[in-house]
Amino acid sequence: MTPRRPADILTANRIVVKVGSSSVSGDNAGQIDPLVDALAAAHARGTEVVLVSSGAIATAIPFLDLEGRPTDLATQQAAAAVGQNVLMWRYQTSLDRHGILAGQVLLTAGDLENQTPRQNAQRAMERLLGLRILPIVNENDTVATHEIRFGDNDRLAALVAELIGADLLVLLSDVDALYTKPPHLPGAERIANVAFGDALAGVEIGSVGRAGVGTGGAETKVSAARIAAASGTAVLITATALVADALEGREQLGTWFEPAARRHTAGEARALS
Ligand code: GLU
């Protein structure tokens with residue numbers, strides 16, 4: 001059932017959780033275990049859980065002896081190919097503690113906009129969920145570079161939520177909520193609730209992530225939240241460190257985007273968002 005407010009999160013049957021590069025790589029690779037614990041707790045309740053995770057490029061940095069995030073596209077793609085492998089290994093090692101199997105799904109936003117690959121992805125996702133496997137989705141960086149260029153796995157997560165008719169999308173980052181202005185500025189206030197269709201007039205939304213290895217920011221989160229909300233999926237934006245509380249429906253946490261009253265088709269949702 002689609003939760004109408006954060007307190008109803010436990011009623012969600014199907015959840016997509018999206019985590020960014022800076023939350024699961026480098027010094028923060030240790031956040032994988034608590035993240036997986038929170039996903040496993042939801043899975044144990046019978047909830048179907050999909051994880052959309054960035055972090056392939058950032059994970060590869062020490063393995064390729066790079067000083068930092070590579071700047072040229074070919075090296076970024078090569079790093080993503082190496083890091084994706086390590087990232088999945090880390091997730092599976094962590095999921096093993098709960099007896100859960102991961103399934104790697106590499107997609108492009110374009111795949112989800114064209115009928116044949118969309119149907120293929122949908123069929124595979126349905127079967128994975130039916131088998132109680134936890135799909136872990138990332139952009140297919142060897143054939144697509146949208147996230148590398150625009151920092152937009154948030155959008156991919158929204159399209160995945162729409163594809164599988166998720167009840168809830170949780171967008172995680174290192175900032176705990178959306179604020180009326182960048183949170184380090186004085187007077188910034190947490191936005192607790194965004195009604196469907198609210199244009200957020202007067203809110204200053206930053207476009208750059210803070211931690212350096214990720215590329216998304218509040219802007220991509222808000223536009224992803226709008227896509228998902230328009231397709232009837234409730235959205236919660238919060239911090240990776242708060243994911244366990246978030247999935248248990250603690251109120252007073254993050255920013256909640258109310259979903260549209262009814263599910264729209266993919267085309268209608270894009271026009272509305
Ligand atoms: N999908 C890529 C990754 O997971 C790109 C992320 C980025 O640009 O930082 O690493």
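Treat the numbers as computed from the prediction; the structure is a model and nothing was measured.

Colleague: Provide a residue-level description of the overall build of the protein chain, including the pertinent values.
Modeller: Looking only at helices and strands, one finds 11 helices and eight strands in the protein chain. Over its C-alpha trace the protein chain gives a radius of gyration of 17 Å, about what one expects of a compact globule, namely 19 Å for 273 residues. Referenced to the eigenvectors of the C-alpha coordinate spread, the extents of the protein chain come out at roughly 45 × 45 × 35 Å. A buried classification covers 52% of the 273 residues belonging to the protein chain. Long-range pairs, those at least 24 residues apart, make up 73% of the contacts in the protein chain with a sequence separation of at least 6. If you sum the accessible surface of the protein chain, you get close to 11,700 Å²; carbon and sulfur atoms cover 52% of it. One finds the centroid of the 23 positive side-chain charges in the protein chain at a distance of 5 Å from the centroid of its 30 negative side-chain charges.

Colleague: Would you mind going over the site of the ligand in detail, with residue names and values included?
Modeller: Contacts to the ligand come from 12 residues, most closely from Ile57, Arg69, Asn138, Asp141 and Glu147. Contact distances for the ligand include 2.7 Å between an oxygen atom and a backbone N or O atom of Ile57. With respect to the ligand, the side chain of Arg69 contributes an N or O atom lying 2.7 Å from an oxygen atom. Along the lines of polarity and charge, the residues of the shell around the ligand split into four nonpolar, five polar and three charged.

Colleague: So, the sheet that holds strand S2 (residues 48-53): which residues are in play, and what are the values?
Modeller: Here we have eight strands laid out as an open sheet, ordered S3-S4-S2-S1-S5-S7-S8-S6, and mixed in their pairing. Bordering the open sheet on either side are strand S3 (102-107) and strand S6 (193-194), each of which pairs with just one other strand. As paired strands, S2 and strand S4 (residues 134-139) are joined by two bridges and run parallel to one another. From the neighbouring strand, Leu51 faces S4, where its bridge partner is Ile136. Contacts between helix H4 (residues 73-96) and the sheet are confined to strand S1 (14-19), S2, S3 and S4, with S3 contributing the most and set at about 150 degrees to the helix.

Colleague: Break down the packing of helix H8 (residues 153-163) against helix H9 (residues 218-230) for me, with residues and values.
Modeller: Axis separation between H8 and H9 bottoms out at 8 Å; the angle between their running directions is 10 degrees. Taken together, H8 and H9 sit at an angle that is classed as roughly parallel. Contacts from Asp154, Arg155, Ala158, Leu159 and Glu162 of H8 reach H9 at Thr220, Lys221, Ala224, Ile227 and Ala228. The residue inventory of the contact of H8 with H9, partitioned by class, reads five nonpolar, one polar and four charged.

Reading guide: rules and limits
- Residues numbered from 1 in each chain as written.
- Predicted model: local features only at pLDDT ≥ 70, side-chain atom pairs only at ≥ 80, totals over all residues.
- Heavy atoms only, no water.
- Helix = DSSP H or I, 4+ residues; strand = E, 2+ residues; numbered from the N terminus.
- Rg over C-alpha atoms; globule rule 2.2 N^0.38 Å.
- Buried < 20%, exposed > 50% of the residue type's maximum accessible area, 1.4 Å probe, protein only.
- Contact = heavy atoms within 4.5 Å.
- Areas by Shrake-Rupley, 256 points an atom, 1.4 Å probe, with all protein chains shown as cover.
- Lys, Arg positive; Asp, Glu negative; His and termini not counted.
- Charge placed at Lys NZ, Arg CZ, Asp CG, Glu CD.
- Near = heavy atom within 4 Å.
- Polar contact = N/O pair within 3.5 Å; in protein donor to acceptor, adjacent residues only side chain to side chain.
- Nonpolar A, V, L, I, M, F, W, Y, C, P; charged D, E, K, R; others polar.
- Pairing = 2+ DSSP bridges.
- Axes fitted to C-alpha atoms, helices over the stretch in contact; angles between N-to-C directions.
- Parallel < 35°, antiparallel > 145°, perpendicular 65-115°, else oblique.

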